[in-house]
Number of protein chains: 2
Amino acid sequence: MQKTLEFFFDYTSPYSYLASTQVEAVCARAGAKLSWRPFLLGAVFKSAGNASPSVVPLKARHMLKDLHDWTRHYGLPDIALPPAFPMNSMKPDRLGLVADEQGKIAAFTHAVYRAVFVLGRDASEDEVLGALLAEVGLDPMAAFARAASPEIKEKLRANTDDASRRGAFGAPTFFVDETDMYVGNDRLAFVERALK
Amino acid sequence: MQKTLEFFFDYTSPYSYLASTQVEAVCARAGAKLSWRPFLLGAVFKSAGNASPSVVPLKARHMLKDLHDWTRHYGLPDIALPPAFPMNSMKPDRLGLVADEQGKIAAFTHAVYRAVFVLGRDASEDEVLGALLAEVGLDPMAAFARAASPEIKEKLRANTDDASRRGAFGAPTFFVDETDMYVGNDRLAFVERALK
């Protein structure tokens, strides 16, 4: 039976960005279904009593080096952290769910991550987000309006609570068939093994 | 020119245990020199303002699952955390340095890790440590006496300070040729790439 990979991510998380460049290929190789699930990482941290690695200065410093090791490994452009890092991700997260309603969450996610972690832009800004929505063929005004609706707000809360309830404490978090949890871009090889 | 891998580890760290099962093969494949450097993880955490992942309950719970994923990946026996986990590692760390003086640090380290993470024993206890020393051909009484000497105490402090000074915030921590730092058993593939 076909397995499902749930990919919980947040647009402010650089390791989620790294994973986003691989998850489609992982699922294609494994013949698995991919479910893109934006969630609010800040709320996940809070609910778990966890904190961003970047609150420890030596970790923050090393994170940049480690991200370079990964982009080199994956053959991606160098990481460029936005000046506003960590960025408020509420708006792009909600817009991700709007894009999902239009079957465009993969394209929108790749566009946001490229803007944030390759071009170093601040995707909490409407101007940046509007251009990204247009880039993937979504109507910016309609998308912003939909993102402010109670349904979308509730959907983001539901994704976040769903992940927390199942034990998430950071991002990216993966679930294979609901219960088998993997944490971190660096566990994608295990995810792929579990999907096969 | 031959490269050197410094492997900073602590006998209470399960991810250091995982790495310890691989580092010799990594260095052999890369033609690199391996330097086993026990350090006091608690002091490294403190100096970095960091804490053990196990202080976050959801992380601690997931860590066990993740360790099983790794032992399966490496073909190792199941992890059995000792009842006293996290264990006070001062004594085994110092004895590791004594074993190093006798050219037996690899054998002693494998023996300690097997006792702790396969058999679930408490390697802060003299009885357990005495048996492990004897197992690798060291005289337990002489080794305990040497471990209590100012030279060995100072050596452990020096290893710990050396790693902290270069940016370590957890274990295992690897340095390739002094300055190129990698953190975590899950970065061994990057370590091997850097050694080649």
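In this text the structure is predicted, and so the values were computed from the model without any measurement.

Chemist: In this structure, what is going on with the overall build of chain A? I would like to understand it.
Modeler: A count of helices and strands for chain A gives ten helices and four strands. Sequence-ordered secondary structure for chain A, helices as α and strands as β, is β-α-α-β-α-α-α-α-α-α-α-β-β-α. Computed over the C-alpha atoms, the radius of gyration of chain A is 16 Å, within 12% of the 16 Å expected from 2.2 N^0.38 for a compact globule of 196 residues. With the principal axes as the frame, chain A shows a C-alpha extent of 45 × 40 × 35 Å. Every one of the 196 residues in chain A was classed for burial, and the buried ones make up 55%. Sequence-distant contacts, at least 24 apart, represent 74% of the contacts inside chain A between residues at least 6 apart. Surface summary for chain A: the accessible area is close to 8400 Å², and the carbon and sulfur share equals 54%. Here chain A carries 23 positive and 24 negative side-chain charges, and the mean point of each set is 4 Å from the other.

Chemist: I would appreciate a short explanation of the pattern of salt bridges in the present structure.
Modeler: Oppositely charged side chains may form a pair once their charged atoms are brought near each other. For the coordinates displayed, the defined rule picks out 36 salt bridges over all chains. Ionic pairing is found between A:Arg166 and A:Asp162, a salt bridge with its closest N-O pair at 2.9 Å. Accessibility classification places A:Arg166 together with A:Asp162 in one group, the buried group. For B:Arg37, the salt bridge goes to B:Glu6, with nearest N and O atoms at 2.7 Å. Taken together, the positions of B:Arg37 in strand β2 (residues 33-38) and B:Glu6 in strand β1 (residues 4-9) put the pair 31 residues apart, joining distant regions of the chain. For B:Arg37, a relative accessible area of 15% puts it in the buried group. A network of salt bridges, in which partner residues are shared, links A:Glu6, A:Arg37, A:Asp162, A:Arg165, A:Arg166 and A:Glu178.

Chemist: Which parts of the structure should I look at to understand the sheet that holds strand β3 (residues 173-176) of chain B?
Modeler: Whether parallel or antiparallel, the strands of a sheet pair through hydrogen bonds between backbone atoms. Residue and element names in this part refer to chain B. Read from one edge of the open sheet, four strands run β2-β1-β3-β4, paired in mixed fashion. Edge positions in the sheet fall to β2 and β4 (180-183), since each has one partner strand and no second. In this sheet, neighbouring strand axes are inclined to one another by 20° on average, regardless of whether the strands run parallel or antiparallel. Both β3 and β4 contribute to a ladder of four bridges, which runs antiparallel. For Phe175, the partnering residue across the bridge sits in β4 and is Met181. Of the strands in this sheet, β1, β2 and β3 touch helix α2 (residues 23-30), which is tilted by about 155° from β2.

Chemist: Looking at this structure, I do not really get the side chain of B:Asp93. What am I missing?
Modeler: Residue and element names in this part refer to chain B. Considering the arrangement of structural elements, one finds Asp93 in helix α5 (residues 90-101). It turns out Asp93 is buried and unbridged, and the closest side chain with the opposite charge, Arg94, is 8.2 Å from it. Within the structure, the side chain of Asp93 is placed 3.4 Å from the backbone nitrogen of Tyr11, a separation counted as a polar contact. When near neighbours in sequence (up to four residues on either side) are disregarded, Asp93 contacts Asp10, Tyr11, Pro38, Phe39, Leu40 and Leu156.

Chemist: Looking at this model, I keep getting lost on the interface of chain B and chain A. Mind explaining?
Modeler: How big an interface is tends to be stated in terms of the accessible area lost upon association of its parts. Across the contact, 27 residues belong to chain B and 27 residues belong to chain A. Taken together, both faces of the contact between chain B and chain A bury some 2400 Å²; the carbon and sulfur share is 54%. Between the two partners, chain B and chain A, sit six salt bridges. On the surface where chain B and chain A come into contact, there are twelve residue pairs in polar contact (both at pLDDT 80 or more).

Chemist: Teacher, can you tell me more about the pairing of β3(B) here?
Modeler: Strand residues, when the strand is regular, have side chains that alternate between the two faces of the sheet. A two-sided burial pattern is seen for β3(B), the buried positions comprising B:Thr173 and B:Phe175 on one face and B:Phe174 and B:Val176 on the other. Where β3(B) folds back on β4(B), the antiparallel hairpin that results is connected by three residues, among which B:Asp177 adopts a positive phi of roughly 50°.

Chemist: Could you clarify how one ought to interpret unusual backbone geometry in this entry?
Modeler: Across the chain, the bulk of peptide bonds are trans and the bulk of non-glycine residues have phi less than zero. All names here are of chain A. Of the consecutive residues Ala171 and Pro172, the connecting peptide bond is found in the cis state with omega at -5°. Summarising the element assignment, Pro172 is placed in the loop between α9 (150-165) and β3 (173-176). For Asp177, which is not glycine, the phi torsion reads 50° and is therefore positive. Looking at the element boundaries, Asp177 is found in the loop between β3 and β4 (180-183). We classify Asp177 as partly exposed; its relative accessible area is 35%. The phi dihedral of Glu178 falls on the positive side, at around 80°, and the residue is not glycine.

Chemist: Please explain the pairing of strand β2 (residues 33-38) of chain A as it appears in this structure.
Modeler: All names here are of chain A. A large share of β2 lies buried, amounting to five of its six residues. Bridge analysis of strand β1 (residues 4-9) against β2 gives six bridges, and the strand direction is parallel. Bridging from a neighbouring strand, Phe7 pairs with Trp36 of β2.

Chemist: Please clarify how the relation of the copies chain B and chain A should be interpreted in this entry.
Modeler: Put simply, the two copies of the chain differ by a rotation about an axis and a shift along that axis. The transformation that overlays chain B on chain A combines an axial shift of 0.0 Å with a rotation of 180°, and the residual RMSD is 0.0 Å. A rotation of that kind, with that shift, is consistent with a two-fold axis. When C-alpha positions in chain B are compared against the rotation axis, the closest is assigned to B:Asp186, at 3.5 Å.

What counts as what
- Residues numbered from 1 in each chain as written.
- Chains lettered and ligands numbered in written order.
- Predicted model: local features only at pLDDT ≥ 70, side-chain atom pairs only at ≥ 80, totals over all residues.
- Heavy atoms only, no water.
- Helix = DSSP H or I, 4+ residues; strand = E, 2+ residues; numbered from the N terminus.
- Rg over C-alpha atoms; globule rule 2.2 N^0.38 Å.
- Buried < 20%, exposed > 50% of the residue type's maximum accessible area, 1.4 Å probe, protein only.
- Contact = heavy atoms within 4.5 Å.
- Areas by Shrake-Rupley, 256 points an atom, 1.4 Å probe, with all protein chains shown as cover.
- Lys, Arg positive; Asp, Glu negative; His and termini not counted.
- Charge placed at Lys NZ, Arg CZ, Asp CG, Glu CD.
- Salt bridge = Lys/Arg side-chain N within 4 Å of Asp/Glu carboxyl O.
- Pairing = 2+ DSSP bridges.
- Axes fitted to C-alpha atoms, helices over the stretch in contact; angles between N-to-C directions.
- Polar contact = N/O pair within 3.5 Å; in protein donor to acceptor, adjacent residues only side chain to side chain.
- Buried area = accessible area lost by both parts, 1.4 Å probe.
- Least-squares fit on C-alpha atoms with pLDDT ≥ 70 in both.

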